[in-house]
Structure formats: structure tokens, C-alpha cells
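# Architecture at a glance
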Amino acid sequence: MGDATLRGLPSVDEVLRTAHAREAVDRHGRQTVTDAVRATLSGLRSAVSGARVMPVNADWIAKEASAALAHTARPNLRAVYNLTGTVLHTNLGRAVLAEEAIAAAVTAMRQTVALEFDLDSGRRGERDNGVRDLLRDLTGAEDATLVNNNAAAVHLVLNTLANRREAIVSRGEMIEIGGAFRLPDIMARAGVRLIEIGTTNRTHLDDYRQALGARTGLVLKVHTSNYRITGFTAAVPTGDLVALLRGHDVPLINDLGSGTLVDLTRFGLRHEPTVAEAVKEGADLVTFSGDKLLGGPQAGFIVGRRELIARINRNPLKRALRIDKIRLAAIEATLRLYRDPDRLAARLPTLRHLSRPKEEVAALAHHLAPAVARVLAPRFAVTVTDCACEIGSGALPGETVPSAGLAIAPTAARGRGRALAALAAALRKLPVPVIGRIAGDALVLDLRTLEDAGGFAANFMALVLPSGDPREAAP
Ligand SMILES: *Cc1c(COP(=O)(O)O)cnc(C)c1O
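Residues numbered from 1 in each chain as written. Predicted model: local features only at pLDDT ≥ 70, side-chain atom pairs only at ≥ 80, totals over all residues. Heavy atoms only, no water.

## Some words on the domain arrangement of the protein chain
When cut into domains, the protein chain gives domain 1 (12–73), domain 2 (81–90 + 353–472) and domain 3 (99–347). The C-alpha centroid of domain 3 is placed 54 Å from the C-alpha centroid of domain 1. (Domains from an automatic or database assignment.)

In C-alpha cells, the structure reads:
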């Protein structure tokens, strides 16, 4: 390494005295900036070869260091455009909250709130009381409670009602949900012995009858939320199970998964079992998620018979799985919106996105296509395309909503796969990353969930495509 080059590097103090560095100190603090300057200098030392003299001065190094800092100072949990064609994308945070829910959450964060305090009596209150009545009203259930998510709800129900006992489940409903939620594992951890009955495609009432015994703690029905079994199939209607269990002291649990509180057909979607229907059919407890079709924050709801809910609330695990005040505020505000179903689709983003007419999405695609095409020409061509949007998160499996979007295809015949991967990577590097989906020879941006067209277009202008030579492509 050439001594002359190393001697040419400014000292840390020199760099810190530059205007750039002083600005960075104001923003990030002295220690952080000092560390970044040291890292930049040490990077230069190892990069400098004896043969090359680096044209660096203190100002240049300060700029490099603040650019690196600006990069690392970005939040990891950044906003992204979900244009994947899956409205409730688990990896992208599922439901987007209603403004009413956001405002309630902000209040709960900024101020002290009557969380476990009864304002009428001035005594200690129950954390869940604010949403309990709403849930009872909206589902017709005798009572309700809630925990962190639906996986926790199922676990808590199993552990409370069937610890060291047996739970009967049809083989056709033995689900795995992404992220390591496997029913048999949850059962084992809840201390429950799983009794599988029937076959993958057919389970009959007699299978349930034969499995019932002195050790049965509960019968669990699971909404097969992320797949559908078709063809030669048989499942037992809830009504028949209710009749079978009458006289046995065995509760029937229905894990609805997504569940919904309204009839989705009024929004032009296929019918998905509502929680109220499951309660009415006779399930003793029904469990469902807060951030799937319901459109609220992550939560797991348990509604049903009063005596069972009381037992669940007495389980010490309930305390470990309880919801925090911020989400509780957002949940209450979200549930209140359901009191006015006529305005629900306008206020609840999940339903607004799902019920948006396809023509409106297509018009948006036509509106945006020229600007997007200008940024991508000449290496990519942009066309407006029909898409089929999925609901996601295991709601309405197999059901898609007609949608529209932009299909972006490489113009060169060779190296298409690599070009698409590079494009997808460049979109992820935008100030607000854009997440699409590669379908065949194109990268498709499904616009069903896009609401701020102006913001999207301005953001897209910042796109930097890697050079055409893959060896120079950004990592
Ligand atoms: C999604 C789902 C769960 C898990 O719910 P989370 O809220 O994600 O914890 C459990 N059961 C079914 C049937 C589901 O669809």
C-alpha cells in the first residue's frame, strides 16, 4: 500500500470539522457520525492499492459517511406499495387500518387511557370490556374475549378446555398456515392429544361418533382457509355435529380463521362464513383473526358461551397473550365501523380495496401507464393488463377478484429472467419500495390496492435501473 496515499487521507477530526459532518452530527449525534467517518476511512484504507492514489479530501469523506448514515437511518419497517395482487399479504402486514382506528391508536399512544379503569365507578375495570359488548352485538355470542392473534386464540382455547385430554379433528381440516402454525404442533404444545378422524377427502358423522369418549375435551372444526378440497368429498355440517354432541359435555369449537362480521356478498364478493352464522349454527366457541377480512390490527377473537369464556379468562396463559392498549384502541374503533355497514366499504381499506370496481382499477392503470413507460423505456415495455387479485391470508381460498395492472416486460429477447429480477430489485430500492409479482415474462403491478396515484408516479420517477451488463448490476 502506498504510504503517500495513506498519508493523503484526512484525520477523523479534520472530517468532523467539515460543514457536511457538522450537519450530520445535528441529525444523528456525534458518536454515530464519528463511527461512520472511521468506517469510511477504514474502508478507503483497505480499498487503496499502492498503485492508485485516491482523490479524497475531508469534505468528500464527510459526504460519503453521511450518505451511509442516511441509508442505515431509514426505518427497517418501511412503507411499501403492495402491488402483489394479494390484498391481505401476510408478509406485508395484512390489513391496512381505517383512519378511525389509526386516530384511536394514536390517542392511546400519546395519552393515558382508561384501560383497566371503570370511569363510572372509579374502580378497577376489565381491559377487554370496551370491545366485549361490541363483539357480542356484532356476533350474537353470549360473551367474547381477545388475545394477540388467532393462533394464540386457538392455543388458549385448546389449553383451557382440553389440556391432558383429547381433541377430535377431521383429517380434512388438519391445516398448516404459513409461519409455522401447524395444528398438530399447536395441539401438542397446548397439552392436547390429537385424535384425527376420517380421511383427507371424506369425514362422516360416524367418524366423530366413534371417536367420542370419556377423554374427549373438545371437537374442533377448522375452516380450511388456505386450500379447498374438491372432487369426491364429504364433511360434516356443523348442525349435525351440534346434534351429535348434545348430551355429551363436549364443546364444539369452530376456528374460522379469517372470519368476517358482514355478509361479503353485499360487496360483490363470494359468501364467506360470518362469525354470527357460526355462532348461530351452534358452535360453543368461534375463533377468528383481527387483521384478515375484518380489516383491523393483529388480534385473535374468541366468542361464544359465557361459561367457557369465563374459564378461558381464568387461564394464566390469557395474561401472557393479552392485547396492548394501542391495538385495543384500534380494534374498538374498527369494530365500531361495523355498526354502520352502509359506509363500511368507504371507511375500511380492506373492504374498499376488495370491492373497488375493476373498471376503476383499469382506468388507473391506463392513467399511469405512460409515465411508467417513460421511466422504463427503452429496456422495458409497459402494457395495461387484466389480473386476478387474491384476497390472501387464507380468506376465500381459490376466490379471486378481477383486477387490472401494469405488465412490464423486457424488450430484449435474451436474458429476460435476469432483466426481470433486476427490475424487481430496482423497484425494491425506490424511496417507497414497490412490490409486484413476476408472472411469466413480465413483472405485474396489480393496482387494486393503489390509492395515491400521484405519490406513486412521483416515487416511480426515482427509479434507477441497473446497467444492462449483469456484471455491473447492483447487488
Ligand atoms: C389465519 C388462520 C389462523 C391463524 O391466525 P393468525 O391471526 O394469523 O394468528 C388460524 N386458523 C385459521 C383457520 C386461519 O386461517
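Next comes the rest of the description.
## Quick notes on the sheet that holds strand β10 (residues 300–304)
Pairing is mixed in the open sheet, where seven strands are placed in the order β2-β10-β9-β8-β7-β3-β6. At either end of the open sheet lies a strand with only one pairing partner, and these are β2 (143–147) and β6 (193–197). Geometrically, the sheet is characterised by an average inter-axis angle of 25° between neighbouring strands, direction not taken into account. The pairing of strand β9 (residues 285–289) with β10 spans five bridges and is antiparallel. In the sheet register, S289 faces β10, and the bridge partner there is G300. (Pairing = 2+ DSSP bridges. Helix = DSSP H or I, 4+ residues; strand = E, 2+ residues; numbered from the N terminus. Axes fitted to C-alpha atoms, helices over the stretch in contact; angles between N-to-C directions.)

## Some points on the packing of helix α7 (residues 129–139) against helix α15 (residues 325–337)
For the pair α7 and α15, interaxial distance at closest approach is 10 Å and the crossing angle is 30°. On the basis of their axis angle, the class for α7 and α15 is roughly parallel. Both α7 and α15 take part in a crossing whose hand is left-handed. Contact residues: G130, V131, L134, L135 and L138 in α7; L328, I331, E332, L335 and R336 in α15. Looking at the contact of α7 with α15 residue by residue, the classes come out as seven nonpolar, one polar and two charged. (Parallel < 35°, antiparallel > 145°, perpendicular 65-115°, else oblique. Left-handed = near helix turned anticlockwise from the far one by under 90°. Contact = heavy atoms within 4.5 Å. Nonpolar A, V, L, I, M, F, W, Y, C, P; charged D, E, K, R; others polar.)

## Digging into the nonpolar core
Within the largest apolar cluster, 42 residues are counted, with the highest numbers of intra-cluster contacts made by V286, F288, V303 and L335. Contributing elements (two or more residues each) for this core: α7, β2, α12 (275–281), β9, β10, α15, α16 (341–347) and α17 (349–355). Counting residues in each nonpolar core, the second largest holds 31 residues, with A369, A404, A457 and L463 among its members. (Core = buried A, V, L, I, M, F, W, Y, C linked by side-chain atoms within 4.5 Å. Buried < 20%, exposed > 50% of the residue type's maximum accessible area, 1.4 Å probe, protein only.)

## Looking at the sheet that holds strand β14 (residues 437–439)
The four strands lie next to each other as β11-β12-β15-β14, forming an open sheet whose pairing is antiparallel. Of all strands in the sheet, those bounded by a partner on one side alone are β11 (380–390) and β14. Each neighbouring strand pair of the sheet contributes to a mean axis angle of 40°, computed without reference to strand direction. Pairing of strand β12 (residues 400–410) with strand β15 (residues 442–446), which is carried by four bridges, proceeds in the antiparallel orientation. Across the sheet, the residue bridging to L406 is L445, located in β15. Here helix α18 (residues 358–376) sits on the sheet in contact with β11 and β12, set at roughly 10° to β12.

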